[in-house]
Amino acid sequence: MIEYVKKAPLFAQLSELQLNEIAKVCSKRSYKGGTILFAEKEIGSVFYMVISGSVKIFTTNTANEEKILSICKSGESFGELSLIDGKPRSASAQTLEDSVLITLTAQNFMELLRTHFDISLGIMKELSNRLRDTNQQVFDLTFVDAKTRIIKSLITMANKHGIRNGTTINIKLVLNFDEISQLAGVQKATLMEVIRDLEEKRILIISPTEFQLDLAKLR
């Protein structure tokens, strides 16, 4: 268990002794793809760390349209906000594929914060990073054109989850085109137009299970 816990950004800087204390109160669970882990506005009771698979964090408007906020893969964590402030979940979480997650209950999570300052500091740093990402998303939606937003989203996904080989990056395609358009904040028709253009220029190569992004040609 400890080898998985220390991969979470919140806990990466902790000592072996502290990691052991966290591992003692964690559980490992498997989830089928498409499983809703929690829904927006419900009371939070669990913090999650991803061992394998992927989870999308998203919100839904009154027309039942989704906006994907982020994709969490191996080594990443989510779900701590409502545990910290006691307020309802600000977003929903759903597995995109069969996934294995480590879970930590709210009671055990808060006890760790009370007894380990390093854990609290790690969380503050992680939340600061997420705030910066949110600020950048707001800027992009306000000032950046649709094509640039799509390319930035593809590059972000590739850098975060892909495997680099020289100037090309391969990433397993766990999102469908509807979800990629939500992530970029554009209409699907606009996304497909940009995708076709990138494919014609051989900047982007899409197969049934992954896509390949050529950074050299993108420049």
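All values derive from a computational prediction rather than experimental measurement.

(A) Structural view of helix 6 (residues 146-161). Between the first and last C-alpha of helix 6 there are 22 Å, a value that for 16 residues agrees with the 22 Å anticipated at 1.5 Å per step. Within the sequence span of helix 6, burial applies to Arg149, Ile150, Ile151, Ser153, Leu154, Met157, Ala158 and His161. The backbone nitrogen of lysine 147 lies 3.2 Å from a side-chain oxygen of the residue at the head of helix 6, namely aspartate 145.

(B) Geometry of the pattern of salt bridges. Here the structure, examined in full by the defined rule, presents six salt bridges. Two residues, lysine 147 and aspartate 197, come together in a salt bridge whose shortest N-O distance is 3.4 Å. Of the two residues, lysine 147 is situated in helix 6 and aspartate 197 in helix 8 (residues 188-200); the sequence distance between them amounts to 50 residues. Residue lysine 147 is classed as partly exposed on the basis of its relative accessible area of 37%. A salt bridge links aspartate 197 to lysine 201; the shortest N-O distance between them is 3.4 Å. On the basis of relative accessible area, aspartate 197 is assigned to the partly exposed category, the value being 22%.

(C) Layout of the side chain of threonine 95. Looking at the secondary structure, you find threonine 95 in strand 7 (residues 92-95). We classify threonine 95 as buried; its relative accessible area is 2%. A polar contact of 2.7 Å, which involves the side chain of threonine 95, links it to the backbone oxygen of lysine 32. Beyond its immediate stretch of four places on either side in the chain, threonine 95 contacts Tyr31, Lys32, Gly33, Gly34, Thr35, Leu37, Ser54 and Val55.

(D) Highlighting the sheet that holds strand 12 (residues 210-214). Strand order in the open sheet formed by four strands is 9-10-12-11, and the pairing between neighbours is antiparallel. In the strand order of this sheet, the two ends are held by strand 9 (163-165) and strand 11 (204-206), each with one partner. Averaged over all neighbouring strand pairs, the angle between strand axes comes to 20 degrees, with direction disregarded. Note that strand 10 (residues 168-172) and strand 12 share five bridges and pair antiparallel. Residue pairing in the sheet places asparagine 170 in a bridge with glutamine 212 of strand 12.

(E) Seen up close, the environment of leucine 69. Mapping leucine 69 onto the fold places it in strand 5 (residues 66-72). For the pair leucine 69 and alanine 93, spaced 24 residues apart in the sequence, the C-alpha separation amounts to 10 Å.

(F) View of the state of the cysteines. Scanning the entire structure with this criterion turns up zero disulfides. Of the cysteine sulfurs around cysteine 26, a residue in no disulfide, the closest is that of cysteine 72, at 16 Å. Looking at cysteine 26, the relative accessible area reads 9%, which means it is buried.

(G) Inspection of the packing of helix 6 against helix 8 at higher detail. At a minimum axis separation of 10 Å, helix 6 and helix 8 run at an interaxial angle of 70 degrees. By the angle class used here, helix 6 and helix 8 are roughly perpendicular. Judged by the sense of rotation from one axis to the other, the crossing of helix 6 with helix 8 is right-handed. Across from Ala146, Lys147, Ile150, Ile151 and Leu154 in helix 6, the residues of helix 8 making contact are Thr190, Leu191, Val194, Ile195, Asp197 and Leu198. Per-class residue counts for the contact of helix 6 with helix 8 are eight nonpolar, one polar and two charged.

(H) Representation of the sheet that holds strand 5. As summarised here, the arrangement of the four strands in space is 2-7-4-5, forming an open sheet in which the pairing is antiparallel. Each edge of the open sheet carries a strand with a single partner, namely strand 2 (36-38) and strand 5. On average, each strand axis in the sheet is inclined to that of its neighbour by 30 degrees, with strand direction left out of account. In this structure, strand 4 (residues 55-60) lies alongside strand 5, joined through six bridges in antiparallel fashion. Bridge assignment links isoleucine 57 to a residue of strand 5, and that residue is serine 70. Each of strand 4 and strand 5 is contacted by helix 7 (residues 177-184), which is oriented at about 95 degrees to strand 5, the strand it contacts most.

Criteria and cut-off values
Residues numbered from 1 in each chain as written. Predicted model: local features only at pLDDT ≥ 70, side-chain atom pairs only at ≥ 80, totals over all residues. Heavy atoms only, no water. Helix = DSSP H or I, 4+ residues; strand = E, 2+ residues; numbered from the N terminus. Expected span 1.5 Å × (residues − 1). Buried < 20%, exposed > 50% of the residue type's maximum accessible area, 1.4 Å probe, protein only. Polar contact = N/O pair within 3.5 Å; in protein donor to acceptor, adjacent residues only side chain to side chain. Salt bridge = Lys/Arg side-chain N within 4 Å of Asp/Glu carboxyl O. Contact = heavy atoms within 4.5 Å. Pairing = 2+ DSSP bridges. Axes fitted to C-alpha atoms, helices over the stretch in contact; angles between N-to-C directions. Disulfide = S-S within 2.5 Å. Parallel < 35°, antiparallel > 145°, perpendicular 65-115°, else oblique. Left-handed = near helix turned anticlockwise from the far one by under 90°. Nonpolar A, V, L, I, M, F, W, Y, C, P; charged D, E, K, R; others polar.

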